[in-house]
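Here's the letter readout for the chains.
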Number of protein chains: 2
Amino acid sequence: VAAEAEYRVCLIATGEELTRGASVETNCAYMAKALTAHGCRVVAHLTLGDAQQPLAEAVAHWAGRCEAMVISGGLGPTADDRTRFALSRASGRALVEDAGAVAHLEAFFHARGRTMASTNLVQAQFPEGAEVLPNPVGTARGIAMEMGGCVVFAVPGVPAEMRRMFDGEVLGRILARMPARLHTVVRTVNVFGLPESEADARLEGLIDETASPAVGLTVNGSIIRVSVSATGADEGRLRGEVDRVAAEVRSRLGSHVFGEDETTLAESVVGLLEERGATVAVAESCTGGLVGHMLTNVPGVSRFFLEGVVAYSNRAKVELLGVPSGLIAAHGAVSAEVAEAMASGARARAGATLGVSTTGIAGPGGGTETKPVGLVYVAVADERGARSRRLELWGGREAIKDRAAKYAIDELRRALLDGADGGAQTGNEVTDGS
Amino acid sequence: VAAEAEYRVCLIATGEELTRGASVETNCAYMAKALTAHGCRVVAHLTLGDAQQPLAEAVAHWAGRCEAMVISGGLGPTADDRTRFALSRASGRALVEDAGAVAHLEAFFHARGRTMASTNLVQAQFPEGAEVLPNPVGTARGIAMEMGGCVVFAVPGVPAEMRRMFDGEVLGRILARMPARLHTVVRTVNVFGLPESEADARLEGLIDETASPAVGLTVNGSIIRVSVSATGADEGRLRGEVDRVAAEVRSRLGSHVFGEDETTLAESVVGLLEERGATVAVAESCTGGLVGHMLTNVPGVSRFFLEGVVAYSNRAKVELLGVPSGLIAAHGAVSAEVAEAMASGARARAGATLGVSTTGIAGPGGGTETKPVGLVYVAVADERGARSRRLELWGGREAIKDRAAKYAIDELRRALLDGADGGAQTGNEVTDGS
């Protein structure tokens, strides 16, 4: 995609609570997602404090580097709301009172039986020549104005008000200005159980800054998402190209691919349970309920998920899952044998098609020389019996729990996919924890 | 604080998934919070894509406007990781291979029984004269370098690795360079079970923009955090002022306060279990394992958490928890009676001091006229018997699960605090879902 075909957008958020890190800024991500889906190229998100001058400088700087800009926040009535002043300074246009906005403010307060403080009148001031954007849910009306080839919008910072004004007033104005109606087609291939460097090696030649479709790779919570995207005018052609590259990505990553786009690992498993008419019961030790939590995040799972047991104590493993106490004595609670007995026990107790289990040492305490923190066994039981997998995970307690739960769910997926001809094999897996 | 005493920091995050809005950027907020607490002034967060040149330009631009900069992301082994190249370009210093980093990489892969791909060697390249920052949990080592009066750091983008390197290597180096040791004292009072508007009303007069200590209120996942902060040179005096205002905040918010600073609701409950020498067993229906997951995120909980049952099916409620099937037939699985029987059953089965339960309709399906989506009962059982609480929650499936689990844990907290003289009362609670 040539640079001249790009419609570049810069997003700015203001507020000291954001720069200080007291709140996480989410308005930019919300707007960016919608803009990207419509073929815009979001080049930067910038978060600034409440001061006027840095905001005015940033507006002037980025107005020269993009075709559209949206600023959220700083339109309120208080002394630290300075977006309108910054826009006035950056554009050299004086603020003038808008009669319609004064009437809107008076009506707003009147409807709520309140008297308007005179400080609210600042919300009726707009840079000369700017368009005033309506706000049906608050006093902060928005701003749209030209600044040397860039269209600049200011919207409220309160997420609910921002969303309403962005969706209703801003997005359409931006899209109407795009010279060619560009489209961006994105498909994401989701992968589990592969180190990032290994995924990268398998995708050699596809990840290239200049190529279209572009292939990118991100990792979050051990899930690798490989995105394939292309921008251009001909949506049908783009879709064909993206589909072709996505198919290549899937083929190179093989059985580690569990789904596309927004699909979670648990959703892919619940989809397979539904296809197969299968049910599952869960036996958890070190994951403490997280496998059940992940599976029950999927709407409609109650037809397939029968029950779970969090058998933290050995007594619970024996009484609730029927694990022979001699097995625990002989191999320890963290062992392939106990993991397999837990999975089989959960399956038998519930009368489920499949049982899945976890047992391990999540840390930070409890590790030994032979059984260190991060050692986890996951097992799956079905009509063929039980198979387990040994994992050496790293990270903190929550990261180990998270990965162990995902490996357990992934073993369930593999068992459902493999049917009668294989399934998970007992074996050692050394993960990179990425 | 005079401008000349300010120590300004700029934070940059890189990644196309961030500019596109596919993920919300949180690294900057994490770092900003710590930097602000130590008296730094964070002037901007900037999020850029994967391209090298805009990053190099931004680094050069902001290095002239602040005393320190931290860049997260773009240190991986893949072709779209370009932070080291951008730093080389911005500083005019060539990349050179660091022998120690090569050895670190080789050892890293060797320890995991894997062969290093040659693409990983890029992670051993650093701008000439830069300091290499260790990464005990991954292959991406960090960078520290001078750029015209500004110290520039690059850290991994994976949040867990970023946090470890920022906390262990970056923050201390920044603080050591600050000329005037300003202090910011922050205390946070954590609150659950109160609507935001009610908390705001109770804090009337304390939340005043011009006051010091400043009082601010943020809400995340139904937890309200009230921060009390003050900045200045005399740390002892600041601490006294902050303590005084924090005590006032606690007194106004009463029993809804469950802890301070980073304490989670589950940690406060585990602390009370330890103090009382008590144990707990969990019976979950609609929360699907989340109560167990939250409690088992606390290190050392295995001494107090005996077992959990995720009784999604009625059969599991009867067989695993001893809920009389006639009770389910008479009142339905989502009822105060069944919630109380589940809590008592879990307590009795495990021989625990306390039992806690959830049953409800998480949606999106399954709601009826009389039992709508969001109706949840939580119950606690102890030696005095069982008491339940009716909740009307809103939001999506995951939000309802999250709130229901927190209410269950909060009831546990109240039961532990109240001892023999009260505890949770049966009653209706209509929450605002904030």
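Residues numbered from 1 in each chain as written. Chains lettered and ligands numbered in written order. Predicted model: local features only at pLDDT ≥ 70, side-chain atom pairs only at ≥ 80, totals over all residues. Heavy atoms only, no water.

### Considering the sheet that holds strand E10 (residues 214–220) of chain A
Residues and elements named next belong to chain A.
Next up, step 1: Sheet architecture is open: 4 strands sit in the order E10-E11-E9-E12, paired in antiparallel fashion. Edge positions in the open sheet fall to E10 and strand E12 (257–260), since each of these has one partner strand only. If you compare each strand with its neighbour and ignore which way they point, the axes differ by 25° on average.
Next up, step 2: Where strand E9 (residues 183–192) meets E12, 3 bridges bridge the pair, whose relative direction is antiparallel. Following the sheet pairing, Val191 is matched in E12 by Val257.
Next up, step 3: Set on the sheet, helix H8 (residues 235–253) makes contact with E9, E10, strand E11 (223–232) and E12; between it and E9 the angle comes to about 10°. (Pairing = 2+ DSSP bridges. Helix = DSSP H or I, 4+ residues; strand = E, 2+ residues; numbered from the N terminus. Axes fitted to C-alpha atoms, helices over the stretch in contact; angles between N-to-C directions. Contact = heavy atoms within 4.5 Å.)

### Here we look at the interface of chain A and chain B
Next up, step 1: On the side of chain B, 75 residues touch chain A, which itself brings 75 residues to the contact.
Next up, step 2: Counting the surface lost from both chain A and chain B, the interface buries some 5800 Å², and carbon and sulfur atoms represent 53% of this.
Next up, step 3: At the surface where chain A touches chain B, the tally comes to 4 salt bridges.
Next up, step 4: Our count for the chain A to chain B interface comes out at 34 residue pairs in polar contact (both at pLDDT 80 or more).
Next up, step 5: The element contributing the most residues to the side of chain A that touches chain B is strand E2 (residues 41–48) of chain A, with 8 residues.
Next up, step 6: Of the residues in the side of chain A that touches chain B, the class split is 29 nonpolar, 27 polar and 19 charged.
Next up, step 7: Pairing analysis gives 5 bridges linking E2(A) to strand E2 (residues 41–48) of chain B, with the strands arranged antiparallel. What sits directly across from A:Leu48, in E2(B), is B:Ala44. (Buried area = accessible area lost by both parts, 1.4 Å probe. Salt bridge = Lys/Arg side-chain N within 4 Å of Asp/Glu carboxyl O. Polar contact = N/O pair within 3.5 Å; in protein donor to acceptor, adjacent residues only side chain to side chain. Nonpolar A, V, L, I, M, F, W, Y, C, P; charged D, E, K, R; others polar.)

### A closer look at empty space enclosed by the protein
Next up, step 1: Scanning all chains against the criterion turns up 3 cavities of 30 Å³ or more.
Next up, step 2: Its boundaries defined by the atoms lining it, the largest cavity holds a volume of some 170 Å³.
Next up, step 3: Lining the largest cavity are 17 residues; nearest its centre among them are A:Glu25, A:Thr47, B:Glu25, B:His45 and B:Thr47.
Next up, step 4: Looking at the lining of the largest cavity, the elements that each hand over two or more residues are helix H2 (27–37) and E2 of chain A together with helix H2 (27–37) and E2 of chain B. (1 Å grid on protein atoms, 1.4 Å probe; cavity = no way out; pocket = protein on both sides within 12 Å on 5 of 7 lines; lining within 4 Å. Points joined across faces, edges and corners; volume = space filled by probe spheres on them.)

### Some details on the pairing of strand E8 (residues 150–155) of chain B
Residue and element names in this part refer to chain B.
Next up, step 1: Most of E8 is tucked away: 6 of the 6 residues are buried.
Next up, step 2: Side chains of E8 alternate between two faces, with Cys150, Val152 and Ala154 and Val151, Phe153 and Val155 buried alike.
Next up, step 3: Where strand E7 (residues 142–147) and E8 come together, 5 bridges link them in antiparallel fashion. For Met147, the partnering residue across the bridge sits in E8 and is Cys150. (Buried < 20%, exposed > 50% of the residue type's maximum accessible area, 1.4 Å probe, protein only.)

### Structural notes on the sheet that holds strand E6 (residues 131–133) of chain A
Next up, step 1: If you walk across this open sheet you meet the 12 strands as E6(A)-E7(A)-E8(A)-E3(A)-E1(A)-E2(A)-E2(B)-E1(B)-E3(B)-E8(B)-E7(B)-E6(B), and the pairing is mixed. Each of the sheet's edge strands pairs with one partner strand only, and the pair in question is E6 of chain A together with strand E6 (131–133) of chain B. Between one strand axis and the next, the sheet turns by 20° as a mean value, whatever way the strands run.
Next up, step 2: Strand direction decides the pairing type here: strand E1 (residues 8–14) of chain B and E2(B), joined by 7 bridges, are parallel. By the bridge assignment for E2(B), B:Ile12 is matched with B:Leu46.
Next up, step 3: Along the sheet, helix H6 (residues 159–177) of chain A contacts strand E3 (68–72), E6, strand E7 (142–147) and strand E8 (150–155) of chain A; its crossing angle with E8(A), the most-contacted strand, is approximately 170°.

### Observations concerning the environment of B:Ala51
Residue and element names in this part refer to chain B.
Next up, step 1: Among the secondary structure elements, Ala51 is positioned in the loop between E2 and helix H3 (52–63).
Next up, step 2: Classification of Ala51 as partly exposed rests on a relative accessible area of 22%.
Next up, step 3: Note: C-alpha distance between Ala51 and Ala86 (35 residues apart in sequence) is 8.8 Å.

### Examining the confidence of the model for chain A
Residues and elements named next belong to chain A.
Next up, step 1: In the predicted model, chain A carries a mean pLDDT of 90, and 94% of its residues have values of at least 70.
Next up, step 2: In the predicted structure, residues 420–434 sits below a pLDDT of 50 and forms 41 contacts with residues beyond four places in sequence or in another chain.
Next up, step 3: What the predictor reports for the complex is a pTM of 0.77 with an ipTM of 0.76. (pLDDT = per-residue confidence, 0-100.)

### What about the pattern of salt bridges?
Residue and element names in this part refer to chain B.
Next up, step 1: Inspection of every chain in the model, using the stated rule, returns 50 salt bridges over all chains.
Next up, step 2: Measuring nitrogen to oxygen at the nearest pair gives 3.1 Å for the salt bridge that ties Arg276 to Glu275.
Next up, step 3: Of the residues examined, Arg276 reaches a relative accessible area of 41% and is grouped as partly exposed.
Next up, step 4: Residues Asp382 and Arg384 are paired through a salt bridge, measuring 2.6 Å at the closest nitrogen-oxygen approach.
Next up, step 5: A residue is classified by how much of its surface remains accessible, and Asp382, at 6% relative accessible area, is buried.
Next up, step 6: By relative accessible area, Arg384 is classed as partly exposed at 31%.

### Regarding the nonpolar core
For soluble globular proteins, nonpolar side chains are generally found buried alongside one another.
Next up, step 1: Among the nonpolar cores identified, the biggest contains 68 residues, and A:Ile12, B:Ile12 and B:Trp62 are the most heavily contacted of them.
Next up, step 2: With near-sequence residues (within four places) excluded, B:Trp62 lies in contact with A:Leu46, A:Leu48, B:Cys10, B:Val43, B:Ala44, B:Leu46 and B:Met69. (Core = buried A, V, L, I, M, F, W, Y, C linked by side-chain atoms within 4.5 Å.)

### Digging into a negative patch on the surface
Next up, step 1: On the surface, A:Asp261, A:Glu262, A:Glu267 and B:Glu398 cluster together into a patch of negative charge.
Next up, step 2: Structurally, the position occupied by A:Glu262 is in the loop between E12 and helix H9 (265–276).
Next up, step 3: Judged by its relative accessible area of 64%, A:Glu262 is exposed. (Patch = residues over 30% accessible without salt bridge, like charges linked within 9 Å, V, L, I, M, F, W, Y side chains within 5 Å. Areas by Shrake-Rupley, 256 points an atom, 1.4 Å probe, with all protein chains shown as cover. Lys, Arg positive; Asp, Glu negative; His and termini not counted. Charge placed at Lys NZ, Arg CZ, Asp CG, Glu CD.)

### Some words on H3(B)
Since the α-helix advances by 3.6 residues per turn, residues separated by three or four positions end up pointing in the same direction.
All names here are of chain B.
Next up, step 1: Taking 1.5 Å as the rise per residue, H3 with 12 residues should run 16 Å; its terminal C-alpha atoms sit 16 Å apart, in good agreement.
Next up, step 2: Listing the buried residues of H3 in full gives Leu55, Ala56, Ala58, Val59, Trp62 and Ala63. Projection of H3 onto a plane perpendicular to its axis shows the buried side chains occupying an angular sector of 165°, all on one side. (Expected span 1.5 Å × (residues − 1). Arc of directions from axis to C-beta.)

### Digging into the packing of aromatic side chains
Next up, step 1: One pass over the structure, following the stated rule, counts 9 aromatic pairs over all chains.
Next up, step 2: Taking the centre distance of 6.4 Å and the plane angle of 75° together, the rings of B:Tyr30 and B:Phe166 count as edge-to-face. Remark: B:Phe166 occurs in helix H6 (residues 159–177) and B:Tyr30 occurs in helix H2; sequence separation between them is 136 residues.
Next up, step 3: In this structure B:Tyr30 comes out as partly exposed when scored by relative accessible area, which is 24%.
Next up, step 4: Assessed through its relative accessible area of 0%, B:Phe166 is described here as buried.
Next up, step 5: Measuring from ring centre to ring centre gives 4.6 Å for B:Phe192 and B:Tyr407, while their planes differ by 65°; the resulting arrangement is edge-to-face. Note that B:Phe192 is positioned in strand E9 (residues 183–192) and B:Tyr407 in helix H14 (residues 397–418), a separation of 215 residues in sequence. Pair check on accessibility: B:Phe192 and B:Tyr407 agree, each one buried.
Next up, step 6: Against the face of A:Phe126 rests A:Arg84, its NZ or CZ located 5.4 Å from the ring centre. (Phe/Tyr/Trp six-rings, centres within 6.5 Å; stacked < 30°, edge-to-face > 60°. Lys NZ or Arg CZ within 6 Å of the ring centre and 35° of its normal.)

### Section: the packing of H9(A) against helix H14 (residues 397–418) of chain A
All names here are of chain A.
Next up, step 1: Contact geometry for H9 and H14: axes closest at 9 Å, N-to-C directions at 30°. Of the possible angle classes, the one that applies to H9 and H14 is roughly parallel. Seen from above, H9 lies across H14 with left-handed handedness. Contacts between H9 and H14 pair Leu265, Ala266, Ser268, Val269, Leu272, Leu273 and Arg276 from the former with Lys406, Ile409, Asp410, Leu412, Arg413, Leu416 and Leu417 from the latter.
Next up, step 2: Residue composition of the contact of H9 with H14, by class: 9 nonpolar, 1 polar and 4 charged. (Parallel < 35°, antiparallel > 145°, perpendicular 65-115°, else oblique. Left-handed = near helix turned anticlockwise from the far one by under 90°.)

### Describing the packing of helix H11 (residues 314–321) of chain B against helix H13 (residues 336–350) of chain B
Residues and elements named next belong to chain B.
Next up, step 1: Orientation of H11 relative to H13, taken along the N-to-C sense of each, is 40°, at an axis distance of 9 Å. One element, H11, and the other, H13, form an angle in the oblique class. Contact residues: H11 offers Lys317, Leu320 and Leu321, while H13 offers Val338, Ala341, Met342, Gly345, Ala346 and Arg349.
Next up, step 2: Tallied by class, the residues present in the contact of H11 with H13 amount to 6 nonpolar, 1 polar and 2 charged.

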